[in-house]
Amino acid sequence: MKKVLVTGGTGYIGSHTVVELLNAGREVIIIDNFSNSKPEVLEKIKQITGKDVKFYNIDYLNREEVEKVFEENEIESVINFAGYKAVGESVKEPLKYYHNNVSGAIILLETMQKYNVKKFIFSSSATVYGAQGNGKCVETMKRGETTNPYGTTKSMIEKILEDMYLADNSWNIAILRYFNPVGAHESGLIGEDPQGIPNNLMPFIMKVANKEIPQLNIFGNDYKETEDGTCARDFIHVVDLAIGHIKMLEKLDKENSGIFVYNLGTGKPYTVQQMVDTFIKVNNIDVPYKYAERRDGDLPVLYSDPTKAKQELGWVATRTLEDMCRDSWNYVLKGKWVNEKCFNCIKRLKNWRDWKISNYINQIFKRKWIWHYTCFRRKRRRIIKKSR
């Protein structure tokens, strides 16, 4: 069976896409250097799918190592997630972003060309639209003026792909423009785990709810364009986004060549206030917040028109804002914040009933520990002591 190569496959969107690829019967190879992810994601992917993934711990800027992957495997298509994505960091370290995102993509594409692999899906972003119109983004719009180096790298790579196709129309290329991915896999085993202070809204909410950060700042509550005065964005569940890649790959399988651009979003803007309120309500947990001054460059409203993806790919985002908030917090309870010493116990849990019991007790004792059935006797006294 010919294989799908996923660069950055242990990252947030990459890992969820790998899960959906495996569930769809695809054979997957991952390359990643864990610059913004952790090795245990590989084990969690296996737990979810029951399938092994071939993995290479390499940097896609290393041409020799990337070529070795192509030499050792019969690769048919490539999905590229291997890009830095922190907007604030890109402003402070632009060369780092141009080098990794743009140079890395060029090395990958040159290697694909060398080994005659011409089916490519690029992970792009709604940032390429810039500030245009009334906030509704349609694929027929021209790329706008980007406001940060991260967005500029996405725009540059899109242009590279267009020029490459003009020079050689045997390429089969998809550009997927994401809006605001949030949420986590329903198992709670994989989700968004940013290093340091989060740049995006949902992981910030999660850290405030988990008492790692004192409070959330909502930047601006006086936007006249929205119902409650806070910015509105097109939030999409990461699993819906991952499924969009499966639909895109199925289309490329049917096409001989072409370059295709699609928005992946819900088409419905939610305000920051709605996101915070929904998270609090769905999870029955406090999230302290305050209103702050507007940030420079923040648009009042930005959302997708996903009509083209629905008509041509048969793809529609089905998960609700409530699902996004519930699954995000579920990841906190079941995933990242599990005591690492108890990680082996997770592998031996017999069913999800054990998880439910574990989380129920965990909430009673203020999340000091998560109880696993093999750790009960050993941890019991210490847990009760800490809870007091």
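What counts and how
Residues numbered from 1 in each chain as written. Predicted model: local features only at pLDDT ≥ 70, side-chain atom pairs only at ≥ 80, totals over all residues. Heavy atoms only, no water. Phe/Tyr/Trp six-rings, centres within 6.5 Å; stacked < 30°, edge-to-face > 60°. Helix = DSSP H or I, 4+ residues; strand = E, 2+ residues; numbered from the N terminus. Buried < 20%, exposed > 50% of the residue type's maximum accessible area, 1.4 Å probe, protein only. Pairing = 2+ DSSP bridges. Axes fitted to C-alpha atoms, helices over the stretch in contact; angles between N-to-C directions. Contact = heavy atoms within 4.5 Å. Core = buried A, V, L, I, M, F, W, Y, C linked by side-chain atoms within 4.5 Å. Polar contact = N/O pair within 3.5 Å; in protein donor to acceptor, adjacent residues only side chain to side chain. Parallel < 35°, antiparallel > 145°, perpendicular 65-115°, else oblique. Left-handed = near helix turned anticlockwise from the far one by under 90°. Nonpolar A, V, L, I, M, F, W, Y, C, P; charged D, E, K, R; others polar.

K.L.:
Would you explain the packing of aromatic side chains in this entry?
P.N.:
Two measures describe an aromatic ring pair: the distance that separates the ring centres and the angle between the ring planes. Under the defined criterion, the tally for this structure stands at 5 aromatic pairs. Taken together, a centroid distance of 5.8 Å and an interplanar angle of 25° make the contact between Phe 70 and Tyr 115 stacked. Pair noted here: Phe 70 is in helix α3 (residues 63–72) and Tyr 115 is in the loop between α5 (94–114) and β5 (119–125), with a separation of 45 residues, a long-range link. Given the relative accessible area of 5%, Phe 70 is considered buried. For the ring pair Tyr 289 and Tyr 291, a centre distance of 5.8 Å and an interplane angle of 70° mean the geometry is edge-to-face. Taking relative accessible area as the criterion, Tyr 289 reaches 31% and is therefore assigned partly exposed.

K.L.:
Explain the sheet that holds strand β3 (residues 54–57) here, please?
P.N.:
Whenever strands of a sheet pair, they do so through backbone hydrogen bonds, lying parallel or antiparallel. Spatially, the 7 strands line up as an open sheet ordered β3-β2-β1-β4-β5-β7-β12, and their pairing is parallel. Two strands close off the open sheet at either side, each with one partner strand: β3 and β12 (258–264). Direction aside, neighbouring strands of the sheet carry axes that sit 15° apart on average. As paired strands, strand β2 (residues 27–32) and β3 are joined by 4 bridges and run parallel to one another. Looking at β3, one finds that Ile 30 is bridged to Phe 55. Sitting on the sheet, helix α1 (residues 12–23) touches β1 (3–7), β2, β4 (75–80) and β7 (172–178), and the angle it makes with β2 is about 165°.

K.L.:
Sorry, what's going on with the nonpolar core here?
P.N.:
Across soluble globular proteins, nonpolar side chains show a tendency to be buried alongside one another. One finds Leu 21, Ile 121 and Met 248 to be the most contacted residues of the largest nonpolar core, which totals 34 residues. Elements that contribute at least two residues to this core include exactly β1, α1, β2, α2 (40–49), β7, α8 (238–254), β12 and α10 (307–313). Counting residues per element, this core draws most heavily on α8, at 7 residues. With 29 residues, the next largest nonpolar core counts Met 202, Tyr 223, Met 275 and Cys 325 among its residues.

K.L.:
What am I meant to see in the environment of Lys 154 here?
P.N.:
Position of Lys 154 among the secondary structure elements: in helix α6 (residues 149–167). Judged by its relative accessible area of 8%, Lys 154 falls in the buried class. In the structure, Lys 154 is positioned 26 residues away from Val 128 in sequence and 6.7 Å away in space, judged by C-alpha atoms. Setting aside anything within four residues of it in sequence, one finds Lys 154 in contact with Phe 122, Ser 123, Ser 124, Ser 125 and Val 128. At a separation of 2.6 Å, a polar atom in the side chain of Lys 154 contacts the main-chain carbonyl oxygen of Ser 123.

K.L.:
What should I look at first to understand the packing of α3 against α5 in this one?
P.N.:
The description of two helices packed together rests on the angle between their axes and the distance between the axes. For the pair α3 and α5, the least separation of the axes is 10 Å and the interaxial angle reads 40°. As judged from the angle between their axes, α3 and α5 are oblique. Here the hand of the crossing between α3 and α5 comes out right-handed. Taken together, the residues of α5 that come into contact with α3 (itself represented by Arg 63, Val 66, Glu 67 and Phe 70) are Ile 107, Leu 108, Glu 110, Thr 111, Met 112 and Lys 114. Broken down by class, the residue content of the contact of α3 with α5 amounts to 5 nonpolar, 1 polar and 4 charged.

K.L.:
What is the right way to read the environment of Thr 146 from this model?
P.N.:
Mapped onto the elements of the fold, Thr 146 is located in the loop between β6 (136–137) and α6. Sequence spacing of Thr 146 and Thr 127 is 19 residues, and the spatial spacing of their C-alpha atoms is 6.5 Å. At 2.6 Å, the side chain of Thr 146 forms a polar contact with the side chain of Thr 152.

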